[in-house]
Amino acid sequence: MATGTSGNRLRRLAIPTLVVALITGTTGVAGTALAAPSGSPGNGSGTGYFTAGSDTSVTLTDGADRRAGGNRAATPKAAVDETGPGMYVVELAEDPLTTYTGGVSGLARTRPAAGNRLDVTSTPSQAYRRHLDTQRGAVAAAAGVTVNAVYTTAFNGFSAKLTTQQVSTLRADKRVRAVTASRALGTPSAPPTASTATADNPTPATSGGAAQSAPTDRSGRPAKPGPGTGAGMVIGVLDTGIWPESASFDKKMPAPANWRGTCQTGVAFVAAHCNGKIVGARYFADSWLAGGGSVPEGEFLSPRDASGHGTHTASTAAGLPIANVTIDGRRYGPVSGVAPDAQIAVYKVLWGGMGYDADIIAGIDAAVADGVQVLNFSIGSQLGDWEANTPIGIAFLNATLSGVFVAASAGNTGIVSGAISNAAPWVTTVGAAVTNLDEATIKLGDGTKLVGGSLDALPGGDARPMVFGDQAGSPDRGAVYCEPGSLDPAKIKGKVVACALSDTFASAAEVKEKGGAAMVLFDPVGNYRVNSIYNFPVVYLPTEKQAGTLFNYLMRHPTDATASVRTGGDGSSVPGVPSVADFSSTGPDKVTYGIFKPDLVAPGSDIIAAVSPAGNFGRQYDAYSGTSMASPYVAGAAAILHATHPDWSPGRIASALRTTATDTVGTSNPLDQGSGFINLAGATDPGLVIEPTAAELTTFSETAAPDGKELNLPAISLREYDGTRPVTLTRTLTNVGEARETYRSSVSGLPGMKVSVTPASVTLAPGKSATVAITVRRGSAPWDRYVTGSITWHGRTHTARIPVAARPWGITARPYGDDGEEFGRMANGAFGLVQPGFTGPLAGRSTGYTPMQRESYSIPAGVYGGVFDPKASGVKKVDFTVPANTAGIVVEANTDDPNTNLDLYLYKGDTLIYSSDRYWTSAEQAYKFLPEAGRYTAYVFAQVPGGPVVDFDLGYAIIGRNAKYAGATLALPSTAERGQGFNFTLKPKKPLAEGDFWAYTEYRTNGTVIPGNLVYTQQSSWQ
């Protein structure tokens, strides 16, 4: 059974950009640099336009890989478990310099007092470091270990290549806190696109009534980013390095008085490159190389950036103002870093876009010792965080406790898994927002308008002939994707060429070289809204629906298709600006209870900033998209706040940014936007702050399975709480304003929840704090679904808002996102399983079984291997009326023809509810639990017809919540215990007729009703 609204599309993954590098937890075999494959197998296999292929291309939202020629570092050997031989990070039991408060005889405290900076050159620091060196040496000697990288400032320990026995020996040593197999991380990937980063359109079009953000420059920053410019601050950038010759860094500046960093020279990087704007630079590859990795072809064993990602993030945070950026001869207007007077410290920890956490920790350790005030970490993993309190997380905690603010990207898995990276509560985790529309419109010959995106100059004017790449070249060479060498110049000259998404830059070059007038990219399985600058007229249609419309128009007009292509649109490509980018990873945190992520969103789509010419077609500036771009925006903002309020802690800065954030357009759901869109001007004077204590964070970091709901954070997250009981939390509010002020609380959103704040109002003098109790009761809110809203404290001149999200656990724990699918709702009546989120007496009821209604249909075959569109040939439409108080609707499509492949789509109006499009079977199923009443439509699509006519069966069951069908006996235990699964059976009281049947079950505990399962049974003639 397909899962989620996106379904499973393995059969069409010949489009290679849909396959991504899973860069977390993997380390490869040592060897020479690996080149990422390019091209695609086309449709020469004879199985349709879009078929499964073996080609895989690595894609990054920042464009680093494609522009460096596709070469990536060979990755070190994978650690198959946490005990086998390989590279490890060893954390020692004693505190590092940042957190040592005394206790060792003769050694004074090194942890800086609140508001002060760590001085690694002080006599106490030097003495304690010598002590740590001695202890580390003793531990390593006892285990026979050769130490690789050494950490003493933000992390106490070392990295080393260990044998199984050494791992065991170290874990048994009381002087060792943890021994963790090293993992590889990288710049967050965005699976569905080949082209990655994008730029803003000079004249973004807006629809009537579409909300607009403040005026922005070409980098997406507000034209007036707020008070202060970050002077005196140093932002450390952990990334792929920097291109020092960029105009964004061309300024001599004196190093701050407390700066203790260095300029590490290396290949193509000399001391003069550290001109003050670039105040320091280092690179870290010891663990990567010792673990078997290699430096990829075209990389520099130095702080110099070969890809562009690190240069882009550094200039986004603190690049100098540039009056007018020109890319490929076209002007894109001014750009500037958020904190243009801040200085940049470079810590190159990635090689070909990847690096070991052991080297990243070394970079963090060095940055804190050097004296940075802010760290940016645009690095993550495709699968998000895999556990709480990782070694990198601990290093960031210690950095935070010493006064360093950490901004990190949330990840780019928004329409894939939503998995959040960098979810530690002491890190400000940043999602991406769209701040410019950058629209383009294609008008087809039949009058249909499709609004996509473009960053290039488009021809406009009258309609031109249009041709599908597959019909204008060699299918065996990948003409469907417009692969290099696949198109016939005579068939595309002067025409608009439609190409399926693959290697988009290679496709654009092919169309341009062969004389095409423009290119339209479409993706048969849907994609992120991401554009790029191609220096050729290119329009990108990101949605599956648009792909279906375009594809089927081309099929209906193989010889007379036309299209006009122009800049601008009607605003329909996004809800408005700023809006949450569709690729941005969403909450909740899937690893830790009680943690709300992302924290906020910032400009991260179509961001122009400095890059490395070596990896960007010789460009000095380019457009990238991703949460990698949003994080340095927040890092720059934090630098401004730190400069404006030197006594503010990182927690206070984080709170100010979050409590003053504003809603995005299209959603106020904090699972998407966190606290909202960054509002730097408001953050400089937030009135109230809510920040956790060092003791709270330290306790969290030392807990094996932490729950962060009690942390004094400016958000409330209740994932899988017991909805049969109220939950009471506390938050401490501190007045950081200059006057006494009374704040009154109010609650918004949270439908069906009962929320109270005690006391309802607080009056605080400057610098004073008050603790309030917040009680949350379920009320009538749905079970096993998130309800979201906010609590706001309103003062005379200030307002502080915190987001709230609560999901009561009914019958199944849901560690995944709230994407609309009811996880664990389908059950077999012979052996159903329930995992309750409550403890107490248990009773249940059932509707009994109702038969699935089945009808046989025949439809004429459509396009072989085509793309779904409701109006396409080869599609059967069937409507259903779903009455009020329905427990569930289940729809199934089947065919006996082994040569036919069906897809099934369930819609309510124009909204897709569920898609099932598995390749290996045509037994497709779609469902909706507790659906809204109304008209639903099932579309059965013969994606691969086995003949001129397609025969199939369509079955459906609409199960009423209070209906009484054929009687059934529900057997279940008399009591339930939270988290302890139990089995139930639902057996018909009398024999049922042959066929498939569905029922609904419901549970009750202490008078509370909890929705149960949609339960299935089948009666066969042989039973």
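Below or above, wherever it landed, is the structure these notes cover.

What counts as what
Residues numbered from 1 in each chain as written. Predicted model: local features only at pLDDT ≥ 70, side-chain atom pairs only at ≥ 80, totals over all residues. Heavy atoms only, no water. 1 Å grid on protein atoms, 1.4 Å probe; cavity = no way out; pocket = protein on both sides within 12 Å on 5 of 7 lines; lining within 4 Å. Points joined across faces, edges and corners; volume = space filled by probe spheres on them. Helix = DSSP H or I, 4+ residues; strand = E, 2+ residues; numbered from the N terminus. Nonpolar A, V, L, I, M, F, W, Y, C, P; charged D, E, K, R; others polar. Buried < 20%, exposed > 50% of the residue type's maximum accessible area, 1.4 Å probe, protein only. Pairing = 2+ DSSP bridges. Axes fitted to C-alpha atoms, helices over the stretch in contact; angles between N-to-C directions. Parallel < 35°, antiparallel > 145°, perpendicular 65-115°, else oblique. Left-handed = near helix turned anticlockwise from the far one by under 90°. Contact = heavy atoms within 4.5 Å. Core = buried A, V, L, I, M, F, W, Y, C linked by side-chain atoms within 4.5 Å. Disulfide = S-S within 2.5 Å. Patch = residues over 30% accessible without salt bridge, like charges linked within 9 Å, V, L, I, M, F, W, Y side chains within 5 Å. Areas by Shrake-Rupley, 256 points an atom, 1.4 Å probe, with all protein chains shown as cover. Salt bridge = Lys/Arg side-chain N within 4 Å of Asp/Glu carboxyl O.

### Description of the layout of surface pockets
Phase 1 of the analysis: Within this model, the second largest pocket holds a volume of roughly 840 Å³.
Phase 2 of the analysis: What lines the second largest pocket is a set of 47 residues, among which Ser649, Pro650, Gly651, Glu691 and Pro692 lie closest to the centre.
Phase 3 of the analysis: Here the lining of the second largest pocket takes six residues from helix 12 (residues 650-659), the largest share from any one element.
Phase 4 of the analysis: Partitioning the lining of the second largest pocket into residue classes produces 23 nonpolar, 15 polar and nine charged.

### Overview of empty space enclosed by the protein
Phase 1 of the analysis: In this structure the tally under the stated criterion is five cavities of 30 Å³ or more.
Phase 2 of the analysis: Roughly 280 Å³ of volume is contained in the largest cavity.
Phase 3 of the analysis: Taken together, 27 residues line the largest cavity, and the ones lying closest to its centre are Asp385, Thr390, Gly393, Asn422 and Ala423.
Phase 4 of the analysis: The element that contributes the greatest number of residues to the lining of the largest cavity is helix 7 (residues 391-401), accounting for three residues.
Phase 5 of the analysis: Looking at side-chain class alone, the lining of the largest cavity contains 14 nonpolar, nine polar and four charged residues.

### Thoughts on the pairing of strand 16 (residues 428-434)
Phase 1 of the analysis: With seven of seven residues buried, strand 16 lies mostly within the body of the structure.
Phase 2 of the analysis: Both faces of strand 16 are covered, namely the face carrying Thr428, Val430, Ala432 and Val434 and the face carrying Thr429, Gly431 and Ala433.
Phase 3 of the analysis: In this structure, strand 16 lies alongside strand 25 (residues 600-603), joined through four bridges in parallel fashion. Within the sheet, the bridge partner assigned to alanine 432 lies in strand 25 and is alanine 602.
Phase 4 of the analysis: The pairing of strand 16 with strand 24 (residues 579-580) spans two bridges and is classified as antiparallel. Each residue of the ladder has a partner; that of alanine 433, found in strand 24, is valine 580.

### Thoughts on the packing of helix 2 (residues 123-143) against helix 3 (residues 164-172)
Phase 1 of the analysis: At their nearest, the axes of helix 2 and helix 3 sit 9 Å apart, and the two run at 135° to each other. Comparing the axis directions of helix 2 and helix 3 gives the class oblique. The chirality of how helix 2 crosses helix 3 is right-handed. Where helix 2 abuts helix 3, its residues Val139, Ala142 and Ala143 lie against Gln166, Thr169 and Leu170.
Phase 2 of the analysis: Among the residues making up the contact of helix 2 with helix 3, the classes are represented as four nonpolar, two polar and no charged.

### Section: the nonpolar core
Phase 1 of the analysis: By size, the foremost hydrophobic cluster in this structure holds 62 residues, and its most contacted members are Tyr347, Ile364, Val372, Leu375 and Phe396.
Phase 2 of the analysis: If sequence neighbours within four positions are ignored, valine 372 has contacts with Arg117, Val234, Gly236, Trp259, Ala345, Tyr347, Ala367 and Val404.

### Focus: the state of the cysteines
Phase 1 of the analysis: Per the stated rule, a full pass over the model turns up two disulfides.
Phase 2 of the analysis: Each sulfur in the disulfide pair cysteine 263 and cysteine 274 lies 2.1 Å from the other. Taking the sign of the S-S torsion, about 80° here, the bridge from cysteine 263 to cysteine 274 comes out right-handed. Remark: cysteine 274 occurs in the loop between strand 8 (234-239) and strand 9 (278-283) and cysteine 263 occurs in the loop between strand 8 and strand 9; sequence separation between them is 11 residues. Per residue, the accessibility class of cysteine 263 equals that of cysteine 274, and both read buried.
Phase 3 of the analysis: Shown here is the disulfide that connects cysteine 482 with cysteine 499, its sulfur atoms set 2.0 Å apart. Disulfide cysteine 482 to cysteine 499: torsion about the S-S bond roughly -85°, handedness left-handed. A residue pair is termed long-range when its members are at least 10 positions apart, and cysteine 482 in the loop between strand 19 (464-468) and helix 8 (489-492) and cysteine 499 in strand 20 (residues 496-500) qualify at 17 residues.
Phase 4 of the analysis: With a relative accessible area of 0%, cysteine 482 lands in the buried category.
Phase 5 of the analysis: For the protein, numbering the cysteines in disulfides from first to last along the sequence yields the connectivity 1-2, 3-4.

### Concerning a nonpolar patch on the surface
Phase 1 of the analysis: Taken together, the side chains of Val267, Leu289 and Leu301 make up a nonpolar region of the molecular surface, amounting to roughly 220 Å² of accessible area.
Phase 2 of the analysis: Inspection of the secondary structure puts leucine 301 in the loop between helix 4 (286-290) and helix 5 (309-318).

### Structural notes on the pattern of salt bridges
Phase 1 of the analysis: Applying the stated rule across the entire model yields 28 salt bridges.
Phase 2 of the analysis: Measuring nitrogen to oxygen at the nearest pair gives 3.1 Å for the salt bridge that ties arginine 260 to aspartate 119. Note that arginine 260 is positioned in the loop between strand 8 and strand 9 and aspartate 119 in the loop between strand 3 (86-92) and helix 2, a separation of 141 residues in sequence.
Phase 3 of the analysis: The exposure class assigned to aspartate 119 is partly exposed, which follows from its relative accessible area of 27%.

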